[in-house]
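Residue-level listing of the chains:
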Amino acid sequence: MKDGFIKVAAATPEIHVADCVWNADHILSLCREAAAAGVQAVGFPELCLTGYTCSDLFLHEILLNSAKEQLLRIAEQTAQMDMLIVVGLPVRVHSLLYNCAAFLHKGNILGMIPKRHIPNYSEFYELRHFTEATDETEENMQWGEQNFWLDPNQLFRCAGMPEFAVSAEICEDLWVTNPPSGDLARAGATILFNLSASDEIIGKAAYRRDLVRIQSGKGQCAYVYCDAGQGESSTDLVFAGHNIIAENGTILAQSSRFATGLTISEIDVKRLDYERRRQNTFRADDVCGKTTVEFDMALRETVLTRPIAQTPFVPSDKGDLAERCEEILTLQATGLATRIRHTHAKTAVVGLSGGLDSALALIVTVHAFDMLGRDRKDILAVTMPCFGTTSRTKNNALTLAAAYGTSCQTIDIGASVTQHFADIGQDMEDHSVTFENGQARERTQVLMDLANKTGGMVIGTGDLSELALGWATYNGDHMSMYGVNASIPKTLVRYLTAYEAERAGGETGRVLRDVLATPVSPELLPPKDGEISQKTEELVGPYELHDFFLYYLVRFGMEPRKIFRMARRAFDGVYDDATIKKWLTTFVRRFFIQQFKRSCLPDGPKVGTVTLSPRGDWRMPSDAVSALWMQQCENL
C-alpha cells in the first residue's frame, strides 16, 4: 500500500450449484491463497455462494439461510486476514430478494451493495426472482452480531489511505447506458469491483474486455471484473471465468478463459487520485447521497507484479509501433505544414548535424513539404562544421540531404567562432562552457540569417528530453521559429527514425541507420583520433532513464521515492540502485534549474500526453526551489 499501490485480485472459485458449504470452502481457499500473495482486496463472482444458475431454487428459504450462514462463516474464518473481501450472494429483505455484493474485512460485514439493473431476456430470468435496487433502497441489517447497511450508494474507504476507496456494481450494471460505477467513481471510489456471471458466446470476450477498459478510463478508476466459471449449470449456457483488471483505460491483467483461480495485479490509487485532480472535468462534488464506510488496514509494502515499461513513451506492442510512428510523423508534419502555409514561408531552414534530432527534423520537414506539394529544393539543409565535427557526422548530413533531394549548404563556422573568441578574450585552449556555447549560438545566428535571406523559417531540432534536462544552449539550439521535435523524447526519436529508415529503404535508409548507430553528441569539443569525444549520455546519463523519470514526474506528479521504486523494477538487471539514484538526482536537479529555458520556448506541435510548453501542459516558475524533491533523492 505504500506509494499508493494496492494489490487486488479477481477470483473465480470452482462451485457446485446450490451447495453453499462447498462453495464457501472454495471461496475460503482462494482467500487464503490471496492473503499469502499479499492481496489487499479480492472480489468473487456474482451469487458465487449459491451459484448464479440456481433459478427457482433462489425462492427456497433453505438456500437463502445457507448462504447467510456461510457468509458469516467466511467472515469469521477471515477475521485474521487484513484484506477486503467482496462476495456475491442472494439476500432476503422482508418479502424481497436482492442480488448483493457483501464487503468483508477482518471478520466484519462492512455493508452490502445490491444490483440495480436486472436483465430479463432469453438466457437470464433474474427478474423472476430478484428485485432491482434503486436510490431509495436502504435497509439496516442485523445478522447475528453483525450490523450493516444494504444500500447501493455505499463506498468503503481505508482510514490510513483515503485514496483507497472501493465500491461495486454487479454484472448487468456495467452494460447499461449509465452504469452506477460512474457515479460511484465521482463520489470518490478509485477501485470498482464488478461481480459478474457473464455467459460466454462467440465474440463476447473482446467486447467485455473493451467495456471494462473503457469504463475504467471514463471513471479514471480501476475496474476489477470477477467472472463466474466452472461449476455453474451448463443446462443452456457456458461460463468462462474471464477475469479482467483495468486501470484508467489500460488492461493490467486478465485470466485465461475457462479456468479458475486468482488474477492479480496492483492498482496505483495515488496515480488515479492525481489524474482526477489534474483533469478539470472530474467533478466529485456533483454526486451526493453516497455513504462512506471506513475500515482500517495496515499500510504495508506491496510487491509489484504489474508491467512497468522501460520506455513509457514507446508502445509496448510492436504491432502498434509502426502505426503510432506514422501517426506521430503526420502530426508533426501537419503542424509544420500549417505554420508554413500561414506564414507564406518560401523556405524551411534546417541545421543538419548528422545526429538523430536534426535527422528527424529533416524527415518531418520533407513530409510537410510533400503534404503541401512543395518542391523539396525549398528545404535548405545547412551543415556547419566546427572544432568538434567528425567526418562521419558531416558526411551523413550531406548524404541525407542529397537522398531526400533537398538543397544543401556547408558553412564552416570555425573562423567566425575563432574571431568571436578573440573579441571576448576566450582562450582557444579553454574548453569550458563558453567554448561550447559560442559554437551553438553561432550556428543559430547563421540559420536565422539564412532564413531572413531566403524568406524562410528555421526549423528547430531539439527534443523533449533535452528540454527536460536543459541540455541546450540558451538562445542557441534552444531557439528556432518552429520546434517540430519539442514533444518527442529521445527514446521515441530513435523509433521514429528507425521507422523512416525501414520505410524509405535504399540510400536514405542506409544513412539513417548509420545516424542511429552514431553516439549522441553535440560535437562541441575536438574529436579524439577522428572519433566523437563528447558523448552526451556519459555526461548527463542514459536517455532511457531520463525519459522514464520525465514521464512519471510530469505526467503523474510522482515523488522521486516512487519513481525510484518503479525504475528499480523496470530496469532490474540493467542498472543497479546506485546508478538509478545517481541519474534520478541529476534529472531532478537539472529539471528545476533549467526551467527558465522552457519558459520561452518557440511554438511546436504537441503529439503526446507529456509536453513542456509553457503555453500548454507544463507551467512552472523559473525560480521554483527543488529542496523537497532533492532531499527525497538524497534519502533514497
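Higher on the page you've got the structure.
Residues numbered from 1 in each chain as written. Predicted model: local features only at pLDDT ≥ 70, side-chain atom pairs only at ≥ 80, totals over all residues. Heavy atoms only, no water.

**Considering the layout of surface pockets**
One number sums up the size of the largest pocket: a volume of about 1300 Å³. What lines the largest pocket is a set of 38 residues, among which Thr250, Arg271, Pro312, Arg324 and Tyr551 lie closest to the centre. Broken down by element, the lining of the largest pocket gets its largest block of residues, five residues, from helix H7 (residues 318-343). Each residue belonging to the lining of the largest pocket can be placed in one class, and the counts come to 19 nonpolar, eight polar and 11 charged. Looking at the second largest pocket, its volume works out to about 1000 Å³. Lining the second largest pocket are 50 residues; nearest its centre among them are Ser353, Arg443, Asp477, Ser521 and Pro522. Of all the elements in the fold, those that place two or more residues in the lining of the second largest pocket are helix H8 (356-372), strand E17 (379-383), helix H9 (391-404), helix H11 (433-454) and strand E19 (457-460). Broken down by class, the residue content of the lining of the second largest pocket amounts to 20 nonpolar, 21 polar and nine charged. (1 Å grid on protein atoms, 1.4 Å probe; cavity = no way out; pocket = protein on both sides within 12 Å on 5 of 7 lines; lining within 4 Å. Points joined across faces, edges and corners; volume = space filled by probe spheres on them. Helix = DSSP H or I, 4+ residues; strand = E, 2+ residues; numbered from the N terminus. Nonpolar A, V, L, I, M, F, W, Y, C, P; charged D, E, K, R; others polar.)

**A short note on the sheet that holds strand E11 (residues 222-227)**
With mixed pairing, seven strands are arranged side by side in an open sheet as E13-E12-E11-E10-E9-E8-E15. Unpaired on one side and paired on the other, strand E13 (250-254) and strand E15 (291-295) mark the two borders of the sheet. Neighbouring strand axes in the sheet, compared pairwise and without regard to direction, differ in orientation by 25° on average. Two strands pair when backbone bridges link them, and strand E10 (residues 191-196) and E11 are joined in this way by six bridges, in the parallel orientation. Across the sheet, Asn194 pairs through a bridge with Tyr225, a residue of E11. (Pairing = 2+ DSSP bridges. Axes fitted to C-alpha atoms, helices over the stretch in contact; angles between N-to-C directions.)

**Description of empty space enclosed by the protein**
Applying the stated criterion to the full structure yields three cavities of 30 Å³ or more. By volume, the largest cavity is sized at about 160 Å³. Residue lining of the largest cavity: 17 residues in total, with Gly462, Leu467, Asp477, His478 and Leu601 positioned closest to the centre. For the lining of the largest cavity, the class distribution of residues is six nonpolar, seven polar and four charged. In this structure, the second largest cavity encloses a volume near 40 Å³. Along its surface, the second largest cavity is lined by Pro13, Ile15, Pro45, Glu46, Cys48, Ala228, Gly229, Gln230 and Glu232. Per-class residue counts for the lining of the second largest cavity are five nonpolar, two polar and two charged.

**A closer look at unusual backbone geometry**
One non-glycine residue, Ser55, adopts positive backbone phi at about 55°. Topologically, Ser55 is positioned in the loop between strand E2 (41-43) and helix H2 (61-77). Even without glycine at this site, Gln220 takes up a positive phi of about 45°.

**Digging into a negative patch on the surface**
Together, Asp317, Asp320, Glu323 and Glu327 give the surface a local cluster of negative charge. When you line up the elements, Asp320 lands in helix H7. (Patch = residues over 30% accessible without salt bridge, like charges linked within 9 Å, V, L, I, M, F, W, Y side chains within 5 Å. Areas by Shrake-Rupley, 256 points an atom, 1.4 Å probe, with all protein chains shown as cover. Salt bridge = Lys/Arg side-chain N within 4 Å of Asp/Glu carboxyl O. Lys, Arg positive; Asp, Glu negative; His and termini not counted. Charge placed at Lys NZ, Arg CZ, Asp CG, Glu CD.)

**Brief notes about the sheet that holds strand E16 (residues 348-351)**
Pairing in this open sheet of five strands is parallel, and the strands run E18-E17-E16-E19-E20 from one edge to the other. Bordering the open sheet on either side are strand E18 (407-410) and strand E20 (482-483), each of which pairs with just one other strand. Lying over the sheet, H9 contacts E17 and E18, oriented at roughly 155° with respect to E18. Across the sheet, H11 lies against E16, E17, E18 and E19, angled at about 160° from E16, the strand it touches most. (Contact = heavy atoms within 4.5 Å.)

**Details of the side chain of Asn194**
Mapped onto the secondary structure, Asn194 falls in strand E10. Judged by relative accessible area, Asn194 falls into the buried class, the value being 0%. At 2.7 Å, the side chain of Asn194 forms a polar contact with the side chain of Tyr223. (Buried < 20%, exposed > 50% of the residue type's maximum accessible area, 1.4 Å probe, protein only. Polar contact = N/O pair within 3.5 Å; in protein donor to acceptor, adjacent residues only side chain to side chain.)

**Looking at the pattern of salt bridges**
Evaluated as defined, the whole model comprises 36 salt bridges. We note a salt bridge from Glu247 to Arg306, for which the minimum N-O separation is 2.9 Å. One end of the pair, Glu247, is in strand E12 (residues 244-247); the other, Arg306, is in the loop between E15 and H7, with 59 residues separating them in the sequence. Grouping residues by exposure puts Glu247 and Arg306 together as buried. Measuring nitrogen to oxygen at the nearest pair gives 2.6 Å for the salt bridge that ties Arg277 to Asp273. One end of the pair, Arg277, and the other, Asp273, are both in helix H6 (residues 269-278), four residues apart, so they sit about a helical turn from each other. The partly exposed category is assigned to Asp273, whose relative accessible area is 25%. Through salt bridges with shared partners, one network takes in Asp3, Glu301, Glu559, Arg561 and Arg565.

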